[in-house]
Amino acid sequence: MRFIRSLSFVFLLLGVLAGPAQAQRTLLHCGTLIDPAVHDAPVEERTVVVEGARVAAVESGYTQPQEGDRVVNLRQAYCMPGLIDMHTHLSGEFEKGGYIDPFRRSPADRALEASTYTQATLMAGFTTVRDVGGDEGIDLALRNAINRGDVVGPRMFVAGNTLAVSGGHGDPTTGYREDIVGPGTVQEGVVNGVSQAIEGTRRAIKRGADHVKITATGGVLSLNEDGTRPHFQEDEIRAIVETARDHGRKVAAHAHGDEGMQRAVRAGVASIEHGTYLSDETMQMMIDRGTYLVATITAGKSVADSARIEGYYAPAVVEKALEVGPIIQETFARAYEMGVPIAFGTDAGVFRHGRNATEFEYMVEAGMPPFEAIHAATYSAADLLGRLDELGTLENGKYADVVAVSENPLDDIRALHDIGFVMKAGTIYKQDGAPTPPTIAP
Ligand SMILES: [Zn+2]
């Protein structure tokens, strides 16, 4: 008893010596600040004042530190809000022969491997991702581990299992013997009819999904000969959207063919993913309703490249990849011209994680100015997430998610491949181009 009492005394003393808990301030001295939704052009010599996890102020000039402040010299650098990728699959990475993966490796193996993907993504300057489909609960576990500070990675918003129809693109049993892998269950995200659509949505949310992902049409990488036909009936999609909305969740719809996209847009999804064969008519519907396009041009290009490698994909996939892949960039260019709302997304996982910035190059190549591409990966992405109160710009009270590069990305967008500095929620994860051990507890 006496021991415990004297121990408490020691703690009390330590508490007094440490003084009241006060978050250390960090002053980021940014030579140039590119924050497209706040300033309609780059601004020079700004200080981002960070207190704890949040931005306390953005001040003109280089604010002089007070006692205890830490200063980060980014005077030669270009600072931006943390980048946001709205279409990742961090629970896996497709490789040659990936179709037998689920039979060889356990969820535990895959989860540990995935923890290197989250790290690569954060080091590439992506401080937030919307992950749009993972199995075995790996995405949910990754999000939770990152939030606890156990794993290094971006702030993740996750979907859990994709919702798909029997035999659809997201049905994990498609292309395999039904007597061995089973018919695909609601638990796995396979839903048919309005009642199961509602049940599947509620179960995904019950397990912790931040948003709901559906496969509204066929897709490229599944073992299914159809890549573009509609997979859901409109009343099924509407049931998913309305159920998700009841729980404050948005719905993202994977889609390549126009009919499936029209159904999804009419039913009220928040975004069309890929959008390969979008007609002008459907684009106009998206503009009218504020539906975002997340084009994932990188996925289209990379599957077309991989399809040319002998034996990389199954024959049915090769055909689809060569047909669908190259079209996405042209569609993106048309959508940009027409004024469809665009948010940045890559489909990382279909190609190697950490290469997310490649999408910027393709967007700019398709006619979008670099400034707008950065806007799409910051403000617009946060808007589609429904998190503009905390993310997407560097303003008072928002998360201190800041990245910096040494060359001007507005002159050459490829500068975004070389992220030199990464701060997420006030913690520095990368400085002078090298990973740093976190210096402030998240
Ligand atoms: Zn995807």
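None of the values given here were measured: they were computed from a predicted structure.

### Side note on the sheet that holds strand S3 (residues 54-60)
Taken together, eight strands build an open sheet; the order of strands is S3-S2-S1-S4-S12-S13-S14-S15 and the sheet is mixed. Where the open sheet ends on each side, the last strands, each with one partner, are S3 and strand S15 (434-435). Sheet topology note: the strand S2 (residues 43-51)/S3 ladder contains six bridges and is antiparallel. Note that in S3 the partner of valine 50 across the bridge is valine 55.

### Side note on the sheet that holds strand S8 (residues 212-215)
Read across the open sheet, the four strands follow the order S8-S9-S10-S11; overall the sheet is parallel. Edge positions in the sheet fall to S8 and strand S11 (292-294), since each has one partner strand and no second. On average, each strand axis in the sheet is tilted by 25° relative to the strand beside it, whichever way the strands run. Bridging between S8 and strand S9 (residues 251-255) involves four bridges; their strand directions are parallel.

### Comments concerning the domain arrangement of the protein
Split into domains, the protein comes out as domain 1 (22-82 + 392-435) and domain 2 (91-385). A straight line from the C-alpha centre of domain 1 to that of domain 2 covers 30 Å. Across the boundary between the two partners, domain 1 contributes 22 residues, which contact 22 residues of domain 2. Counting residues per element, the side of domain 1 that touches domain 2 draws most heavily on strand S13 (residues 419-424), at three residues.

### What about the environment of glycine 168?
Counting through the fold element by element, glycine 168 comes out in the loop between strand S7 (155-157) and helix H5 (178-181). In this structure glycine 168 comes out as buried when scored by C-beta crowding, with 29 C-beta atoms within 10 Å. In this structure, the C-alpha to C-alpha distance between glycine 168 and asparagine 224, residues 56 residues apart in sequence, is 7.7 Å. The residues contacting glycine 168, other than those within four sequence positions of it, are Thr174, Thr215 and His231.

Basis of the calculations
Numbering of residues begins from 1 in every chain and follows the order in which that chain's sequence is written. It should be noted that, the model being predicted, local features are given only for residues of pLDDT at least 70 and side-chain atom pairs only at 80 or more, the latter also being counted only at that level, while totals for whole chains, interfaces and linings use all residues. For two strands to be treated as a pair, DSSP must find at least two bridges joining them. The way it works is that DSSP assigns letters per residue, a run of H or I at least four long becomes a helix, a run of E at least two long becomes a strand, and they are numbered from the N terminus. Axis lines are fitted through C-alpha atoms, for helices just across the contact stretch, and the angle between N-to-C directions can take any value from 0 to 180 degrees. Annotation comment: domain bounds sourced from an automatic or database domain assignment. The contact criterion used here is simple: two residues whose C-beta atoms, placed from the backbone, lie within 7 Å are in contact. To assign burial, the other C-beta atoms lying within 10 Å of each residue's own C-beta are counted, with C-beta atoms placed from the backbone; 20 or more indicates buried, 12 or fewer indicates exposed, and intermediate counts indicate partly exposed.

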